[in-house]
Amino acid sequence: TRPDDPDSRCGFVAIVGRPNVGKSTLLNHILGQKLSITSRKPQTTRHQVLGIKTDGPVQAIYVDTPGMHEEEPRALNRYMNRAASSALVDVDVVVFVVDQLAWTPADELVLDKLSRVRCPVILAVNKVDKLANREQLLPHIEMLSKKREFAEIIPLSALKETNLAPLEAAVGRFLPKSVHFYPDDQITDRSERFLASEIVREKITRQLGAEVPYSVAVEIEQFKHEGKTLHIAALILVEREGQKKIIIGDKGARLRRIGQEARLDMERLFGSKVMLRLWVKVKRGWADSERALRSLGMDS
Ligand code: GDP
Ligand code: MG
Ligand code: K
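Residues numbered from 1 in each chain as written. Chains lettered and ligands numbered in written order. Predicted model: local features only at pLDDT ≥ 70, side-chain atom pairs only at ≥ 80, totals over all residues. Heavy atoms only, no water.

The protein chain is annotated in an unreviewed UniProt entry as GTPase Era of Marinobacter lutaoensis. UniProt's Subunit (unreviewed entry) comment on the protein chain is quoted here verbatim: "Monomer." Under the heading Sequence similarities (unreviewed entry), UniProt records this for the protein chain: "Belongs to the TRAFAC class TrmE-Era-EngA-EngB-Septin-like GTPase superfamily. Era GTPase family." (UniProt positions renumbered as here; feature names shortened; annotations may be inferred.)

(A) Just the overall build of the protein chain, in detail. In terms of helices and strands, the protein chain carries nine helices and nine strands. Burial analysis of the protein chain (300 residues in total) assigns 50% to the buried set. Considering only contacts within the protein chain whose residues lie at least 6 apart along the sequence, 72% involve residues at least 24 apart. A total accessible area of about 14300 Å² is found for the protein chain, and carbon and sulfur atoms account for 50% of it. (Helix = DSSP H or I, 4+ residues; strand = E, 2+ residues; numbered from the N terminus. Buried < 20%, exposed > 50% of the residue type's maximum accessible area, 1.4 Å probe, protein only. Contact = heavy atoms within 4.5 Å. Areas by Shrake-Rupley, 256 points an atom, 1.4 Å probe, with all protein chains shown as cover.)

(B) Inspection of the side chain of Asp99 at higher detail. Here Asp99 is to be found in strand β4 (residues 93–99). For Asp99, a relative accessible area of 10% puts it in the buried group. Polar side-chain contacts of Asp99 include one of 3.3 Å to the side chain of Gln100. Those residues within four positions of Asp99 in sequence are excluded, and the remaining contacts are Arg18, Val21, Val125, Asn126, Lys127 and His140. (Polar contact = N/O pair within 3.5 Å; in protein donor to acceptor, adjacent residues only side chain to side chain.)

(C) Up close: the side chain of Arg18. Looking at the element boundaries, Arg18 is found in the loop between β1 (9–16) and α1 (23–31). With a relative accessible area of 12%, Arg18 lands in the buried category. Of note is the side chain of Arg18, whose polar atom sits 2.9 Å from the side chain of Asp107.

(D) The arrangement of the pattern of salt bridges in detail. One pass over the structure, following the stated rule, counts twelve salt bridges. We note a salt bridge from Lys203 to Asp265, for which the minimum N-O separation is 3.1 Å. Here Lys203 is found in helix α6 (residues 192–208), whereas its partner Asp265 is found in helix α8 (residues 253–270), with 62 residues between them in sequence. By relative accessible area, Asp265 is classed as buried at 10%. Because the salt bridges share partners, they merge into one network encompassing Glu202, Lys203, Asp265 and Arg268. (Salt bridge = Lys/Arg side-chain N within 4 Å of Asp/Glu carboxyl O.)

(E) Local environment of the site of ligand 1. Not every one of the 17 residues close to ligand 1 is listed here, only the nearest: Asn20, Lys23, Ser24, Thr25 and Asp129. One of the side-chain N or O atoms of Asn126 is found 3.1 Å from an oxygen atom in ligand 1. Surface burial for ligand 1 is 89%, taken as the share of its 580 Å² of free accessible area covered by protein chains. Ranked by residue count, the leading element in the shell around ligand 1 is α1, at three residues. For the shell around ligand 1, a count of residues per class yields four nonpolar, eight polar and five charged. (Near = heavy atom within 4 Å. Nonpolar A, V, L, I, M, F, W, Y, C, P; charged D, E, K, R; others polar.)

Encoded structure:
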């Protein structure tokens, strides 16, 4: 927008909530693009990603946050808790995502962190597509509305894209008048390399279910356009020899499947043909080591 456009709005929106309520799914569906990785496992979102959505005069800059959680204080968890708390500083609007019907101690913990937040908090009651009967929602919303003062309470389904427009309209109303910080066609602050590594990590988490813990990292070793083809080489780092075997699978079958699925997503995201090479290496105890996190660029 022009700097003198009186309707121009722009600001930061934190999406918070306990793991698995659907924060990443919500961000992806608002953007209409896959930026943030999702899975049935909690804690799949390890980094902070900005998702930028410009709709006419309104530019909303969304911050997806790793779920806030209490666990053994390994380095990775410490990093994730830091990232989650820092997301609440300097935002203009908070979208607090909860699951329909379920309210747990983990939700209570997030609510507690929000007690320090001064900006408007919109409550997004997600996964309403799972409700057999909409009437069930009313007592739940009644209960939630007593927890704190919410600027709005919006039942929605991130997955089915139900009621996303009212959420976005509410967010827009609470953003300050400002020029846009990013070009109107930009959708993220992250590099293509970073997005590529997140896609590979998502495929691994999805394929392996509970077999391999969260201790998988992906490093992009090559990211190069050659003619019409994008050549990407990714190194998958695991903690143990056994995890390496699991990821590779019988005669390499699982790694091939991970590669095929990742390549399709990358082609869709980057809009070009992708040649993807993957390999797996054991890097002992990397999740325990702050130094290893720094070497992977996760020390913010
Ligand atoms: P996050 O940990 O809060 O980022 O949650 P994710 O976005 O990774 O989602 C966790 C799980 O919930 C995934 O399996 C999603 O497909 C699922 N999910 C997210 N939103 C919805 C929804 O609106 N309806 C249903 N049925 N499932 C959803
Ligand atoms: Mg997530
Ligand atoms: K998740």
